[in-house]
Amino acid sequence: MPQGISTLAADAPTLSAANTGFMLICSALVMIMTPGLAFFYGGMVRVKSTLNMLMMSFISLGIVTILWVLYGFSLAFGTDKGSIIGWSADYVGLSGIGITQLWDGYTIPVYVFAVFQLMFAIITPALISGALADRVKFTAWALFVALWVTVVYFPVAHWVWGAGGWLFELGVIDFAGGTAVHINAGAAALGVILVIGKRVGFKKDPMRPHSLPLVMLGAGLLWFGWFGFNAGSWLGNDDGVGAVMFVNTQVATAAAMLAWLAYEKIRHGAFTTLGAASGAVAGLVAITPSGGAVSPLGAIAVGVIAGVLCAMAVGLKFKFGYDDSLDVVGVHLVGGVVGSLLVGLFATGGVQNDVKGLFYGGGLDQLGKQAVGVGAVLAYSLVASALLAFVLDKTIGMRVEEDVEVSGIDQDEHAETAYDFSGAGGGAGSRKAVPAPGDSVAAAAQTKKVDA
């Protein structure tokens with residue numbers, strides 16, 4: 001993502017209605033990704049956790065928006081302070097910004113840049129929620145989101161994209177968020193689940209998605225919104241780079257979906273809808289940092305590599321025993337790492353800048369820079385997120401009670417259920433509760449025990 005640069009008065013840009021309108025549309029596209037993510041995750045959980053999963057994404061729209069206006073934009077994109085954080089008093093409350101004031105070096109207003117970046121800040125903590133399905137108190141989650149964006153996301157966004165940020169100055173390429181969004185969220189998810197532990201019945205009870213159509217709907221919304229996420233990150237349409245990113249987004253996503261499906265057919269004997277949706281998301285994740293540096297052929301390679309490696313990675317939780325409920329680590333952390341590192345191999349030097357990767361005669365220099373960016377964001381987010389979760393767990397408690405988790409978090413935390421089964425399986429006087437589709441064997445057994 002290009003950042004503000006100083007320009008001579010004679011060369012100063014003027015407001016472009018075309019670029020401004022384009023960026024407002026892209027901002028709306030990125031916003032719809034968060035409800036899309038809610039559907040994607042909501043369909044993957046058991047029926048008794050559907051609403052909680054939807055709300056864990058949706059609440060981010062409220063919390064992060066307010067914090068971004070109050071101080072988040074200033075921390076992430078204010079004047080650099082020591083290459084670690086930003087701060088500009090004019091950005092606090094967005095109160096000192098003129099309505100036609102341009103983002104430095106570009107043809108869009110500061111307000112437009114701020115709202116576009118806000119949508120990135122919103123979806124990043126929402127991504128973490130998929131790893132924590134079924135077992136986290138909603139109040140604790142809401143507080144975690146507020147603390148996490150303040151302590152982790154805002155500083156990391158400055159490192160990667162803020163003028164003066166240390167990774168930005170190092171030359172790490174991250175077109176739209178491989179490090180700042182996906183590695184950041186994936187590492188955070190791993191840190192939190194190592195603190196709060198596994199779901200009741202992990203590796204014992206069936207925990208299948210309750211609504212694959214909902215998953216596919218969510219994946220479709222994510223794919224659609226991702227064009228704004230990626231193509232919009234060039235902040236304009238004047239030189240064709242955003243168009244290349246748009247094409248590469250489509251190409252890599254298609255390649256990753258096909259690669260994931262091929263892998264699971266060979267490995268498990270079937271082409272699954274869950275695999276198609278997950279493969280598409282893996283491709284979207286991997287092309288996010290790299291799509292402005294590679295050619296369409298390179299995008300195919302990025303997609304294929306990410307599709308296979310992410311498909312392999314989702315099984316690691318069973319091998320190593322960490323309960324990543326909806327494969328945030330396997331898809332977002334691994335996909336983000338893959339896409340970020342492949343810049344150092346496949347960058348052509350002919351799209352967003354003249355930096356070339358190893359396969360185009362650029363040597364190992366850029367690969368080394370990418371590795372530093374990956375390692376720094378991964379380590380910081382993992383440790384900081386684990387510490388935040390530990391403090392919350394020891395104070396207000398992160399997890400719901402075991403009986404709440406078994407019977408269903410929706411009813412306890414939200415006083416609602418996703419589906420009304422009151423008319424199913426008997427009349428109003430029936431004492432027998434009907435186990436909802438997708439509920440675990442343990443939940444069904446618990447129902448029988450209560451009835452008895």
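Residue positions are given per chain, counted from 1 along the sequence in the order it is written. Per-residue local features of the predicted model are confined to residues with pLDDT of at least 70, and side-chain atom pairs are confined, for both listing and counting, to 80 or more; whole-chain, interface and lining totals are unaffected and use all residues. The basis for every side-chain value is the complete set of heavy atoms in the structure, and neither hydrogens nor water enter the calculation.

### Digging into the overall build of the chain
For the purposes of this entry, the term helix denotes a DSSP run of H or I that reaches at least four residues, the term strand denotes a run of E that reaches at least two, and both are numbered from the N terminus. Broken down by element type, the chain carries 16 helices and 2 strands. To get the radius of gyration, use the C-alpha atoms; to get the globule rule, take the number of residues to the power 0.38 and multiply by 2.2 Å. In terms of overall size, the chain behaves like a compact globule, its C-alpha atoms giving a radius of gyration of 22 Å where 452 residues would be expected to give roughly 22 Å. In terms of principal-axis extent, the alpha carbons of the chain reach across some 80 × 50 × 35 Å. In the chain, which comprises 452 residues, the share counted as buried stands at 56%. Residue exposure (1.4 Å probe, protein chains only): buried if accessible area is under 20% of the type maximum, exposed if over 50%, otherwise partly exposed.

### Section: the environment of Leu94
Looking at the element boundaries, Leu94 is found in the loop between strand E2 (85-86) and helix H3 (110-128). C-alpha of Leu94 to C-alpha of Leu190: the two residues are 96 residues apart in sequence and 34 Å apart in space. Residues are treated as being in contact if the distance between any of their heavy atoms lies within 4.5 Å. Those residues in contact with Leu94, other than ones at most four positions away along the chain, are Val69, Phe73 and Tyr111.

### Points about the confidence of the model for the chain
Taken as a whole, the chain shows an average pLDDT of 92; of its residues, 91% reach a score of 70 or greater. Across residues 4-10, confidence stays below pLDDT 50; counting only partners more than four residues off in sequence or on other chains, it has 10 contacts. A residue's pLDDT is the predictor's confidence in that residue, given on a scale from 0 to 100.

### Digging into unusual backbone geometry
Trans peptide bonds make up the majority, and among non-glycine residues the majority have a negative phi. For Leu94, which is not glycine, the phi dihedral falls at a positive 50°. Of note in this structure, Asp327 is not a glycine but carries a positive phi near 65°. Positionally, Asp327 belongs in the loop between helix H11 (316-320) and helix H12 (328-346). Classification of Asp327 as buried rests on a relative accessible area of 17%.

### With respect to the environment of Trp148
Within the element layout of this structure, Trp148 appears in helix H4 (residues 138-161). Sequence spacing of Trp148 and Ser385 is 237 residues, and the spatial spacing of their C-alpha atoms is 6.9 Å.

### As for the packing of aromatic side chains
Any two rings among Phe, Tyr and Trp, with Trp reduced to its six-membered ring, count as a pair given centres within 6.5 Å; such a pair is stacked if its planes are under 30 degrees apart, edge-to-face if over 60, and tilted if neither. Summed over all chains, the structure comprises 24 aromatic pairs. Ring plane angle 40° and centroid distance 6.0 Å describe the contact between Phe40 and Tyr41, whose orientation is recorded as tilted. Across this residue pair, the class does not change: Phe40 and Tyr41 are buried. A ring pair is formed by Tyr153 and Phe154, whose centres lie 6.3 Å apart and whose planes are at 75°; its orientation type is edge-to-face.

### A few points about the nonpolar core
Here, nonpolar core refers to any group of buried Ala, Val, Leu, Ile, Met, Phe, Trp, Tyr and Cys residues whose side-chain atoms link them within 4.5 Å. Counting residues in hydrophobic clusters, the biggest one holds 110 residues, and the most contacted among them are Phe40, Phe73, Trp103 and Leu132. The biggest single contributor to this core is H4, with 16 residues. If sequence neighbours within four positions are ignored, Leu132 has contacts with Met56, Trp141, Val192, Ile193, Ile196 and Ser325.

### Looking at a nonpolar patch on the surface
Together, Leu358, Phe359, Tyr360 and Leu364 give the surface a local cluster of nonpolar side chains, amounting to about 400 Å² of exposed area. Of note, Phe359 is situated in the loop between H12 and helix H13 (365-395). For patch detection, residues must exceed 30% relative accessible area and be free of salt bridges, and they are connected within 9 Å for like charges or within 5 Å for nonpolar side chains (Val, Leu, Ile, Met, Phe, Trp, Tyr). Only the protein chains shown count as covering a residue, and every accessible area follows the Shrake-Rupley method with a 1.4 Å probe. Salt bridges are identified by distance alone: a Lys or Arg side-chain nitrogen within 4 Å of an Asp or Glu carboxyl oxygen.

### Points about helix H7 (residues 212-231)
What a helix should span is 1.5 Å times the count of its residues minus one. Taking 1.5 Å per residue, 20 residues should reach 28 Å; H7 reaches 29 Å between its end C-alpha atoms and fits that length. By the largest-angle criterion, Gly225 marks the main kink of H7, which is about 30°. Bend is the name given here to the angle between axes fitted to two runs of seven residues, the run ending at a residue and the run starting at it.

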